[in-house]
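Single-letter residue listing:
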Amino acid sequence: MSPQTQAVTGIDLTDLDLFARGEHTAAFATLRAEQPIYWNEGADGSRFWALTTYDDVMWAYRNHENFSSGRGAIVGGSFRSEDDTSAGRMLVTTDLPRHRMLKQVIHPSMSPGVAKRVAKQVTELVAKALERVRATGGCDFSTDIAPELPAGALMVIMGISHEEAHHLIGLTRRMVGYRDEIFVDTGGDARLRLAWLQAEVFEFFSDIVAERRRNPGDDLISTLLEAEVNGRRLNEEEIFYNCMNVAVGGNETSSYTACTGLVALMDHPEQYQRLRETPQLLGSAVEEILRWSSTNAYVQRAAKHDVTRGGIEIKAGDSVTLWNYSANRDEAQFPDAHLFDIARTPNRHLTYGSGLHRCIGAPIAQAELALVFEQIMASGLTFKIAGEVRRLRSNFLLGITRLPLEVV
Ligand code: HEM
């Protein structure tokens, strides 16, 4: 079947209103049922295949022979339809064999030992934030509590202060929210804006890198400065790119997941109560929150060769998007996928991706999420939503930018 003869037309996965209105869940259900491999012609001029079933998304994640990560994570995020400028230099946009070498360098900074130290730091920050909420009677969870998760992680992984961590979170939040008017002026060329926001993140790291050259420590930046890949040191740009990868990979994902998770629990009070009464369910509750939120809605790959799947011919050079959000709601994999069930087992969600590029920060995110929900439950605080809940304008990261809460 060619893109021209497909059964479903009219769904545009680049339409941010589709996501802002929450209509994407139904759109993906239609696609999974009628056109699981969908040729998307975006109103923004982008053209790509969308894989929507669990099996197809998993197939592409595991198919490194046919799919490259070099084009970057976001459709239309790079200036050319070829590789992103970071390809071969930044972990997430690098293919084998260099990917394996870069991963070996970064992996120790995400070890279970580091996750333990992150857990301690996050516990402290969230406890303080919850005390402030108790004292004032309310908060905006999305800005007052959730960002403490990546802040704690950055403090440990990068060896920076609480203040620096929040400054960096502000920068990456703007970068990820590059199409949202609450973060940036959305006039002009979106790709130029993204490049400019990325330059701001690089500038932040250039000061820290200079400082670590003088005073090395046991943090990621010092590790990158010391590392040799294929017999040579990483250059400054490679160090910036990988610091940015860890910051962007970890800052918004875990905090937005915490927001979506809390809203899910509040929308399902019986599940909230169940978790409060049965703390042993915390582990499966975190997995269900991850599945439900699917914060990183898709990742992009580029086809390296012509490849056929389900009667569809994907041509070499085509962009292919792997929709974690849709795979995680596929009834063929998750019975009653539309139900939020904190005791769901098994729950092999694809929220962290799969295969070689599977999220390297997953142990850190698991620690952050388990802690925040454990502390909320243990605090004995009960909240009600006290105003409009606002979603991030994005089809790439599904986040919440406003979550006003009142203690009841
Ligand atoms: C709930 C939280 C998180 C979600 C939903 C998430 C999601 C993902 C996904 C889907 C990928 C795969 C990308 C691909 O295949 O192209 C990925 C990779 C990555 N993530 Fe995460 N992530 C989370 C937390 C974190 C944290 C806390 C960090 C760092 C502290 C992090 C750093 C990274 C990095 C560096 C990669 C690239 C790995 C590679 O290419 O080998 N992520 N993440």
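Up top you'll find the structure we're talking about.
Residues numbered from 1 in each chain as written. Predicted model: local features only at pLDDT ≥ 70, side-chain atom pairs only at ≥ 80, totals over all residues. Heavy atoms only, no water.

Visitor: Sorry, what's going on with the side chain of Ser354 here?
Guide: Residue position: Ser354 is located in the loop between α14 (324-327) and α15 (362-379). You can call Ser354 buried: its relative accessible area is 5%. There is a polar contact of 2.9 Å between the side chain of Ser354 and the side chain of Arg62. Residues in contact with Ser354, not counting those within four places in the same chain, are Met58, Tyr61 and Arg62. (Helix = DSSP H or I, 4+ residues; strand = E, 2+ residues; numbered from the N terminus. Buried < 20%, exposed > 50% of the residue type's maximum accessible area, 1.4 Å probe, protein only. Polar contact = N/O pair within 3.5 Å; in protein donor to acceptor, adjacent residues only side chain to side chain. Contact = heavy atoms within 4.5 Å.)

Visitor: Explain the sheet that holds strand β2 (residues 47-51) here, please?
Guide: Strand-to-strand pairing in sheets goes through backbone hydrogen bonds, with the strands running parallel or antiparallel. Taken together, the five strands give an open sheet; going across it, the order is β1-β2-β10-β7-β3, and neighbouring strands pair in mixed fashion. At either end of the open sheet lies a strand with only one pairing partner, and these are β1 (37-41) and β3 (67-68). Note: β3 against strand β7 (residues 298-303), two bridges, orientation antiparallel. In the sheet register, Phe67 faces β7, and the bridge partner there is Ala303. (Pairing = 2+ DSSP bridges.)

Visitor: What is the right way to look at helix α8 (residues 162-176) in this model?
Guide: Structural remark: α-helix, 3.6 residues per turn; residues separated by three or four positions point the same way. Between the first and last C-alpha of α8 there are 21 Å, a value that for 15 residues agrees with the 21 Å anticipated at 1.5 Å per step. Residues of α8 that are buried: Ala165, Leu168, Ile169, Leu171, Thr172, Arg173, Met175 and Val176. On the buried face of α8, the contacting elements are α6 (141-144), α7 (148-158), α9 (190-214) and α11 (236-267). (Expected span 1.5 Å × (residues − 1).)

Visitor: Looking at this structure, I do not really get the nonpolar core. What am I missing?
Guide: Across soluble globular proteins, nonpolar side chains have a tendency to be buried as a group. Counting residues in each nonpolar core, the largest one holds 116 residues, and the members touching the most others are Phe141, Ile157, Met158 and Phe205. With 15 residues, α11 is the largest single contributor of residues to this core. Here Phe141 is in contact with Ala146, Pro147, Ala258, Cys259, Leu262, Val372, Ile376, Leu403 and Leu405, once residues within four sequence places are set aside. Residues Trp39, Trp59, Phe334 and Ala337 belong to the second largest nonpolar core, which totals 21 residues. (Core = buried A, V, L, I, M, F, W, Y, C linked by side-chain atoms within 4.5 Å.)

Visitor: Even after reading the chapter, I still don't get the site of the ligand, so can you show me in this structure?
Guide: Inspection of the region around the ligand gives 27 residues, with His99, Gly249, Arg301, His357 and Cys359 positioned closest. One nitrogen or oxygen atom from the side chain of His99 is found 2.7 Å from an oxygen atom belonging to the ligand. In this structure, Gly249 approaches the ligand through a main-chain N or O atom, which is 3.1 Å from a nitrogen atom. At the level of elements, α11 and β7 are the ones that each hand at least two residues to the shell around the ligand. Among the elements that make up the shell around the ligand, the one with the highest residue count is α11 (seven residues). (Near = heavy atom within 4 Å.)

Visitor: I tried to follow the pattern of salt bridges on my own but got confused; where do I start?
Guide: Opposite charge on two side chains permits them to pair, given that their charged atoms come into close proximity. The final tally for this structure, using the stated rule, is 22 salt bridges. Salt-bridge contacts for Arg309 lead to Asp56; the nearest nitrogen and oxygen are separated by 2.8 Å. Taken together, the residues span a long stretch of sequence, with Arg309 in strand β8 (residues 307-309) and Asp56 in helix α3 (residues 54-62) at a distance of 253 residues. Between Glu252 and Arg173 there is a salt bridge, and its shortest N-O distance comes to 3.5 Å. Remark: Arg173 occurs in helix α8 and Glu252 occurs in helix α11; sequence separation between them is 79 residues. (Salt bridge = Lys/Arg side-chain N within 4 Å of Asp/Glu carboxyl O.)

Visitor: Quick question: what am I supposed to make of the pairing of β7 here?
Guide: In the case of a regular strand, side chains alternate between the two sheet surfaces. Across the six residues of β7, six count as buried, placing the element largely inside the fold. Here β7 shows a buried face lined by Tyr298, Gln300 and Ala302 and a second buried face lined by Val299, Arg301 and Ala303.

Visitor: Sorry if this is basic, but what is going on with the sheet that holds strand β11 (residues 383-385) here?
Guide: Strand order in the open sheet formed by three strands is β4-β14-β11, with antiparallel pairing between adjacent strands. The strands lining the two open edges of the sheet, one partner per strand, are β4 (138-140) and β11. Averaged over neighbouring strand pairs, the angle between their axes works out to 25° when direction is ignored. Alignment of β11 against strand β14 (residues 404-407), held across three bridges, turns out to be antiparallel. Residue Ile385 lies in a different strand from β14, and its bridge partner there is Leu405. (Axes fitted to C-alpha atoms, helices over the stretch in contact; angles between N-to-C directions.)

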